[in-house]
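# Results of the structural survey
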Amino acid sequence: MRTDLFDFQLPDELIALHPANPRDASRMLMVDPGKPGQARFADRAVKNLADVLQPGDAIVFNDTRVIPASLSGRRETTRAEGGTTATPSIEANLHRRVSADTWRAFARPAKRLRKGDVVTFGNGGVTLRATITDKVDGGEVGLCFEQAGAGLDAAIARIGAMPLPPYIAARRPTDSSDASTYQTVFAKKDGAVAAPTAGLHFTEGLLEQLEAKGIKRVALTLHVGAGTFLPVKADDTTEHKMHAEWGEVTPQAADTLNALRAKGGRLCCVGTTSLRLIESAADKNGQIKPFCGETDIFITPGYAFRATDILLTNFHLPRSTLFMLVSAFAGLETMQAAYAHAIQERYRFYSYGDATLLFPDRQHHVAGRTTQ
């Protein structure tokens, strides 16, 4: 499909720079595609989620934890007489771990870096050195650190900063509150370099309301990469290459989800990360299998969803793979109309913004059963 079909204009003032307080006070636009051309919208709040879901349903959330993956450093250069000196600063956002001592990262300004260069990250008494192993288009580099494993993790935790999305970081500096507000209440397993932002809306109180109504909680893990923020530059979606992300659906989680659906319960994925992992793990009959490994699934209109019944997600960037995903789920025309409604009603957009609760396009089947 043409990429420009997924474009829209967003006023800058609707980009949320801070989260709602409390988290579940965020607005929630309910989107029911209905019949073609008859989409229905309802303006609610995330705190109303327990009123919408039914006993026997499940919320499927991502328990990944964001690491402080934004590093600042300087490239070392060798002087003719020996020794080294430091050049102007280099910023690196880690996005995928390759091995115990190596990460893929997006570097700025990448034009200053060459294969074999050494970058020293940190300042004062805490530093971390890495060698550039390679460099590819889009500012992506390989970083091989002098430390590995748990020691490398500890060093990154000491010198790194919370990797706020570029549309926030360009408008304000990171502050102390981001260390907690950019983590979900589910956060458990270190490894993400971007938050699964739909989960940011949840509070302990909301979770208690859902549990009291008989709505099951099931955890999956997908370590979100910074590639989630990359725009699709190709003119056609078939020419775009997705960045891979590591995820896991345990045998227990798969069994629980299959049993719930067999009894008629619906799976409400909290975020596109949970949805992408569920769909990666499901077979053509909608049975969810245990999964452990990388997924680069790219969902665009025409995709037949296998195991996802409802999607709670944020408002996404134009021309992004995530806007393409929600357009596949609820229909492109429906989502274009929903975003126009959200802009008119002054919803807050992107990672710290408001949410949408999406029901599937009724022209599609979900795991062999109609959604009507």
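Overview of the structure. (Residues numbered from 1 in each chain as written. Predicted model: local features only at pLDDT ≥ 70, side-chain atom pairs only at ≥ 80, totals over all residues. Heavy atoms only, no water.)

### What about the nonpolar core?
Counting residues in hydrophobic clusters, the biggest one holds 64 residues, and the most contacted among them are Tyr182, Val249, Ile288, Met335 and Phe349. Of all the elements, helix α8 (residues 321-330) adds the most residues to this core, at 7 residues. Beyond its immediate stretch of four places on either side in the chain, Val249 contacts Leu220, Ala254, Leu277, Ala281, Ile288, Lys289, Pro290 and Phe291. Grouped together as the second largest cluster of nonpolar side chains are 25 residues, Val119, Leu128, Phe145 and Ala155 included. (Core = buried A, V, L, I, M, F, W, Y, C linked by side-chain atoms within 4.5 Å. Buried < 20%, exposed > 50% of the residue type's maximum accessible area, 1.4 Å probe, protein only. Helix = DSSP H or I, 4+ residues; strand = E, 2+ residues; numbered from the N terminus. Contact = heavy atoms within 4.5 Å.)

### Points about the pairing of strand β10 (residues 140-145)
A large share of β10 lies buried, amounting to 5 of its 6 residues. Note that strand β7 (residues 102-108) and β10 share 5 bridges and pair antiparallel. Across the sheet, Trp103 pairs through a bridge with Leu143, a residue of β10. As judged from the 6 bridges shared by strand β9 (residues 126-136) and β10, these two strands associate in the antiparallel manner. Paired with Val136 across the strands is Glu140, a residue of β10. In textbook terms, the turn of a hairpin is the stretch between consecutive antiparallel strands, and for β9 and β10 this stretch comprises 3 residues, one of which, Gly138, has a positive phi near 85 degrees. (Pairing = 2+ DSSP bridges.)

### Side note on the pattern of salt bridges
Per the counting criterion, the structure on display carries 19 salt bridges. For Arg65, the salt bridge identified is with Asp190, shortest N-O distance 3.7 Å. With a gap of 125 residues between them, Arg65 in strand β4 (residues 64-66) and Asp190 in strand β11 (residues 189-192) connect regions that are remote in the sequence. According to the relative accessible area criterion, Arg65 is partly exposed, its value standing at 34%. Looking at Asp190, the relative accessible area reads 53%, which means it is exposed. Glu76 is paired through a salt bridge with Arg129; the nearest N and O atoms lie 2.9 Å apart. Of the two residues, Glu76 sits in strand β5 (residues 70-78) while Arg129 sits in strand β9, which places them 53 residues apart along the sequence. (Salt bridge = Lys/Arg side-chain N within 4 Å of Asp/Glu carboxyl O.)

### Structural notes on the packing of helix α7 (residues 272-281) against α8
Between two packed helices, both the angle of their axes relative to each other and the distance between the axes serve to describe the pair. Interhelical geometry of α7 versus α8 gives an angle of 65 degrees and a closest axis separation of 11 Å. Between α7 and α8, the interaxial angle falls into the category roughly perpendicular. Classified by chirality, the crossing of α8 by α7 is left-handed. Two secondary-structure elements touch here, α7 through Thr272, Leu275 and Arg276 and α8 through Leu322, Leu325 and Phe329. Of the residues contributing to the contact of α7 with α8, the split by class is 4 nonpolar, 1 polar and 1 charged. (Axes fitted to C-alpha atoms, helices over the stretch in contact; angles between N-to-C directions. Parallel < 35°, antiparallel > 145°, perpendicular 65-115°, else oblique. Left-handed = near helix turned anticlockwise from the far one by under 90°. Nonpolar A, V, L, I, M, F, W, Y, C, P; charged D, E, K, R; others polar.)

### What about the packing of α8 against helix α9 (residues 332-344)?
Direction vectors running N to C along α8 and α9 enclose 115 degrees, while the axes themselves pass 7 Å from each other. The handedness of the crossing between α8 and α9 is right-handed. Along its contact with α8, which presents Phe323, Val326, Ser327 and Ala330, the element α9 presents Leu332, Thr334, Met335 and Tyr339. Grouping the amino acids of the contact of α8 with α9 by side-chain chemistry returns 6 nonpolar, 2 polar and no charged.

### Some thoughts on unusual backbone geometry
Here the amide bond leading from Asn21 into Pro22 is cis, since omega sits at 0 degrees, within 30 degrees of zero. In the Ramachandran plot, Tyr350 falls in the positive-phi region, its phi being about 75 degrees despite a non-glycine side chain. Within the fold, Tyr350 resides in the loop between α9 and β17 (355-358). Under the relative-accessibility criterion, Tyr350 is labelled buried at 6%.

### Details of the sheet that holds strand β13 (residues 245-249)
The strand order β2-β1-β17-β16-β14-β3-β12-β13-β15 describes an open sheet built from 9 strands, whose pairing is mixed. Single-partner strands in this sheet number two, and they are β2 (40-45) and β15 (291-295). The mean inter-strand angle of the sheet, taken between neighbouring strand axes irrespective of direction, is 25 degrees. Bridge count for strand β16 (residues 310-314) against β17 is 4 bridges, and the pairing is antiparallel. Its bridge partner lying in β17, Asn314 is registered against Ala355. Sheet contacts for α7: β3 (58-62), β12 (216-222), β13, β14 (267-270), β15 and β16; angle to β12, the most-contacted strand, approximately 85 degrees. Running over the sheet, α8 touches β16 and β17 and is turned about 150 degrees from β16.

### Here's the deal with helix α5 (residues 204-212)
Among the residues making up α5, those that are buried are Leu206, Leu207 and Leu210. The buried residues of α5 occupy one face: seen down the axis, they fall within an arc of 100 degrees. More than 90 degrees from the buried face of α5, the exposed residues found are Glu208, Glu211 and Ala212. Buried residues in α5 make contact with α1 (49-52), β3 and β12. Just downstream of α5 lies Gly214, where phi reads positive at about 90 degrees. (Arc of directions from axis to C-beta.)

Everything listed here is a matter of geometry and, on its own, says nothing about what the molecule does.
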